[in-house]
Amino acid sequence: MGQADSPAKASGQLQDLPGSIDLLIIGGGVMGLWAAVKAERLGIRTLLLDAVRPASGASGGLLGALMAHMPDQWNDKKQFQLEALVDLESEVAALEAETGLSCGYRRSGRLIPLPKPHLRPLAERRAPAADENWRMRDRRFSWTVRDTPPDPAWLSLDACAFGLVEDTLAARISPRGLTAALVAAIDAGRHVRRLDGLTVRRLLPREAELADGRRIAFGHAIVSAGTGSFELLAQLGAPLPRPLGSGVKGQAALLEAEIDPAHPVIFLNGLYVVPHEDGRIAIGSTSEDLFDDPHSTDQQLDGLLRRATTLSPKLQGARVVERWAGVRPKAIDREPMLGPHPDAPQVLALTGGFKVSFGIAHRLADAVLSPLGGPGAVVPDGFHLSHHLQVAQGSV
C-alpha cells in the first residue's frame, strides 16, 4: 500500500463553476474532506471549494496524535470522542482499501511521564475510571501506572521520577496521508466535484458569493473553512457582539531518526512526540493565541525540540527535516462547532475542532449530513452551532 503524501490534482476547471448545487462544502481541510467523502457515499450532488487546495491549512500539518480525554469525570463529550476514536480504525481501513493509499494509522498507545510527586496519586485514581469508561462493544482500553518506562532509551528514566502512565487507547495518523487518501476517494467518485483557488466572501441562506463576484445557489451548505468559518457563519442572523471563534497558531517539527514506528506516543505538558510509519518523528505543538506570522517558526519550536530530546534520548542528534506552522480554528466555547444555523437551517457548521479534529471529523461529518440522509450521530449539546451563537451573544 502506497503512502499518500500529497493531495491529488484538483478536479474541474474554474469556468465550469455550476450555478446551483445540492450541497456546497466550503473548505477542504480534514472536516470538509470527510464530509465530501460521506456525501459521495450518499450519492449527493456536491461541490467542494477550497481557497487554496485541500489540506493547505492546519490539516496539512505533521503531528497526527489521536489522544483521548482523561477517563475520569465522564460526560457526553468524552463518550462521543471515545466512540469516534474507536470507529476511526475501521473508517481508515475502509478508506485505505478503497484508495490503495496508506493513512499511517496505528493504535500505538501513549506514555505520560509523572515528573512530580502529586501526579502519581492522581494518575492512580484514574485507572479504575478507565476500566469503567474506556470500553466500546468488545473493545477495552487501559490506563496503567508503572514505575519505569518500557524502553528508557525512548522515554528517559529521568523524566519519570514518580513513574509514568501507559494507556492503550491513544493512536496516531499521518495528517498528510489521511487527507491525501480522502482527496483520492473524492476524485475517484461520481457525485462530488472539487475546485481549488476559490474563496467565498459572502454567505446567504441559499447562496454563496465568491471573491470574484460569481454566485452559487445551494440546497445545503457545509461551512468547514477553518478559521474563516467563523466570519462566514456570523454573516447569517443578527450581528454578534463577540466573534464566533479565533485562530490558535501551532508549531511543529519533523525529525529523521531510526525509530521503531511501533513506539507509543509520548505526551507531557502540551508536548507530543509522535513516531510515524516512515521512521520519522513529529514534535509539537505550541498553542499561540497571539502571533504576527501564522506560517513562521521561531524560538518556541526550538524550545519544544529541546524538551523532546530531553524526554527521549533516542532523539538526540536527530536531524530536523521540516519545520511547520499553521493556525487551527478554536470556536468561542472551545468545542467543535456543528449543525444548522438557527436563522438559516440550510447552512451547516462543521468546524472548530482545534486539537481534536483528526480523531472525530469522520463522526462529525455523519452528524452534520443527517438532514441530507446521512446516518447521523448524537453529539453533545455544547457542540451545536446554536450553543456557540448563544455564547457569542452573551446569553450563556
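Here, every reference points to the structure presented above.
Nothing here was measured: the structure is a model prediction, and the numbers come from that model.

Cut-offs and rules
Along each chain, residues carry numbers from 1 onward, in the same order as the chain's sequence is written. Local features in this predicted model are restricted to residues whose pLDDT is 70 or higher, and side-chain atom pairs enter the listing and the counts only when it is 80 or higher, whereas totals over whole chains, interfaces and linings include all residues. Side-chain measures were taken over the full set of non-hydrogen atoms in the model, leaving aside hydrogen atoms and water. The way it works is that DSSP assigns letters per residue, a run of H or I at least four long becomes a helix, a run of E at least two long becomes a strand, and they are numbered from the N terminus. Atoms counted for the radius of gyration: C-alpha only. Globule rule: 2.2 Å times residue count to the power 0.38. A 1.4 Å probe rolled over the protein chains alone gives each residue an accessible area, and that area as a share of the maximum for its type sets the label: buried under 20%, exposed over 50%, partly exposed in between. Contact between two residues is taken to exist if any of their heavy atoms lie within 4.5 Å; hydrogens are not considered. Residue exposure ignores everything except the shown protein chains as possible cover, and the areas themselves are Shrake-Rupley values with a 1.4 Å probe. His residues and chain termini do not enter the charge count, which takes Lys and Arg as positive and Asp and Glu as negative. Where a charge lies is defined by one atom per residue type, namely NZ (Lys), CZ (Arg), CG (Asp) and CD (Glu). Paired strands are those between which DSSP finds at least two bridges. Axis definition: a line fitted to C-alpha atoms, limited for helices to the stretch in contact. Angles are taken between N-to-C directions and run from 0 to 180 degrees.

### As for the overall build of the protein chain
Thinking step 1. Counting secondary structure elements, the protein chain contains eight helices and 22 strands.
Thinking step 2. Computed over the C-alpha atoms, the radius of gyration of the protein chain is 21 Å, within 12% of the 21 Å expected from 2.2 N^0.38 for a compact globule of 396 residues.
Thinking step 3. C-alpha atoms of the protein chain, sized along the principal axes, occupy 65 × 45 × 45 Å.
Thinking step 4. With 396 residues in all, the protein chain has 54% of them scored as buried.
Thinking step 5. Contacts spanning at least 24 positions in sequence make up 75% of the contacts within the protein chain whose residues lie at least 6 apart.
Thinking step 6. With an accessible surface of roughly 16,300 Å², the protein chain has 49% of that area assigned to carbon and sulfur atoms.
Thinking step 7. If the 42 positive side-chain charges of the protein chain are averaged to one point and the 45 negative ones to another, these points end up 1 Å apart.

### Some words on the side chain of Gln346
Thinking step 1. For Gln346, the location among the structural elements is in strand 22 (residues 344-351).
Thinking step 2. Judged by relative accessible area, Gln346 falls into the buried class, the value being 18%.
Thinking step 3. Not counting chain neighbours up to four residues away, the residues in contact with Gln346 comprise Pro205, Arg206, Gly219, His220 and Ala221.

### Overview of the sheet that holds strand 16 (residues 245-256)
Thinking step 1. Spatially, the eight strands line up as an open sheet ordered 9-10-6-17-18-19-16-20, and their pairing is mixed. Strand pairing shows two members of the sheet lacking a second neighbour, strand 9 (143-146) and strand 20 (319-331), which therefore form its edges. On average, each strand axis in the sheet is tilted by 20 degrees relative to the strand beside it, whichever way the strands run.
Thinking step 2. In the sheet, strand 16 pairs with strand 19 (residues 280-284) via five bridges, with the strands oriented antiparallel. By the bridge assignment for strand 19, Ala252 is matched with Gly284.

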